[in-house]
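Fold and contact review
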Amino acid sequence: MQGKGVTVDHSRTAKLYRQAADQGFTEAQKYIGGRYMLGLNGVAQNFADAAHYLRLVAEKGDADALCCLGFLCEHGQGTERDLGEAVRLYRAAAAQRNVWALARLGVC
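Residues numbered from 1 in each chain as written. Predicted model: local features only at pLDDT ≥ 70, side-chain atom pairs only at ≥ 80, totals over all residues. Heavy atoms only, no water.

Some words on the overall build of the chain
The test is simple: Note on conventions: DSSP H or I runs of at least 4 residues are helices, E runs of at least 2 residues are strands, and numbering of each starts at the N terminus. As defined in this context, the radius of gyration uses C-alpha atoms, and a globule is described by 2.2 Å times the residue total to the power 0.38. Note on definitions: a residue-residue contact is assigned when non-hydrogen atoms from the two residues lie within 4.5 Å.
Looking only at helices and strands, the chain has six helices and zero strands in total. For the chain, whose C-alpha radius of gyration is 14 Å, the value lies close to the compact-globule estimate of 13 Å for 108 residues. The dimensions of the chain, computed from C-alpha atoms along their principal axes, are 45 × 25 × 25 Å. Of the contacts formed within the chain by residues at least 6 apart in sequence, a portion of 38% connects residues at least 24 apart.

Observations regarding the packing of aromatic side chains
Selection criterion: Stacked, tilted and edge-to-face are the three classes assigned to paired rings of Phe, Tyr and Trp, where Trp is represented by its six-membered ring and a pair needs centres within 6.5 Å; plane angles under 30 degrees give stacked, over 60 edge-to-face, the rest tilted. Three labels apply to residues, based on accessible area from a 1.4 Å probe with only protein chains included: buried if under 20% of the type maximum, exposed if over 50%, partly exposed otherwise in between.
Across all of its chains, the model carries three aromatic pairs by this definition. Ring centres of Tyr17 and Tyr31 lie 3.8 Å apart, and the angle between their planes is 25°; this geometry places the pair in the stacked category. With a gap of 14 residues between them, Tyr17 in helix H1 (residues 10-22) and Tyr31 in helix H2 (residues 26-38) connect regions that are remote in the sequence. According to the relative accessible area criterion, Tyr17 is partly exposed, its value standing at 22%. Relative to Trp100, the ring of Phe71 lies with its centre 5.5 Å away and its plane at 35°, an arrangement referred to as tilted. Here Phe71 is found in helix H4 (residues 63-75), whereas its partner Trp100 is found in helix H6 (residues 99-105), with 29 residues between them in sequence.

Things to note about the nonpolar core
Worth spelling out the cut-off: By convention a nonpolar core is built from buried Ala, Val, Leu, Ile, Met, Phe, Trp, Tyr and Cys residues, the set being connected through side-chain atoms within 4.5 Å.
Ile32 and Leu72 are the most contacted members of the largest nonpolar core, which has 26 residues in total. Secondary structure elements with two or more residues in this core: H1, H2, helix H3 (47-58), H4 and helix H5 (83-94). Once residues lying within four places of it in the same chain are set aside, the contact partners of Leu72 are Met37, Phe47, Ala50, Ala51, Leu54, Gln77 and Thr79.

Quick notes on the side chain of Gln29
For clarity, the threshold we go by: N or O atoms closer than or at 3.5 Å make up a polar contact, with two conditions inside protein: a donor-capable atom paired with an acceptor-capable one, and, for residues adjacent in sequence, both atoms drawn from side chains.
By the secondary structure assignment, Gln29 is in helix H2. Of the polar contacts made by the side chain of Gln29, one reaches the side chain of Lys60; its length is 3.4 Å.

Describing the packing of H4 against H5
Which entries qualify depends on this criterion: Only C-alpha atoms enter the line fits that serve as axes; for helices the fit covers just the stretch in contact. Angles between N-to-C directions range over 0 to 180 degrees. Should an angle fall under 35 degrees it is taken as roughly parallel, and over 145 as roughly antiparallel, whereas 65 to 115 is taken as roughly perpendicular and any remaining angle as oblique. Here a crossing is called left-handed whenever its near helix is offset anticlockwise from the far helix by less than a right angle, and right-handed whenever the offset is clockwise.
Remark: H4 packs on H5, axes separated minimally by 8 Å, with the N-to-C direction vectors making an angle of 160°. For the element pair H4 / H5, the angle class is roughly antiparallel. For the pair H4 and H5, the crossing hand works out as left-handed. Contacts from Ala63, Leu66, Cys67, Leu69, Gly70, Phe71, Cys73 and Glu74 of H4 reach H5 at Leu83, Glu85, Ala86, Leu89, Tyr90, Ala92 and Ala93.

The following block contains the structure:
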């Protein structure tokens, strides 16, 4: 996020995205899930929270969320390690032509 006309405040941005995510806004869930996964922009890395928010978006069929959740399942980060579930998620994302999912399928 860029602060246009205001000072950039990553902590406030993260707080607002979390609030929107908790109210069910898909794009906010995807944004905050990714930030928890990577530990970016005022959000401490937390794989359990990442898996929670990304699962909400993945259940709606979002290819990026499917792929990220697959990665968490593959590595047992924020969820139990489950290669079968990781492959299922990667395949669902790959069916939408997600290149990263295709690459991960080559590894699993």
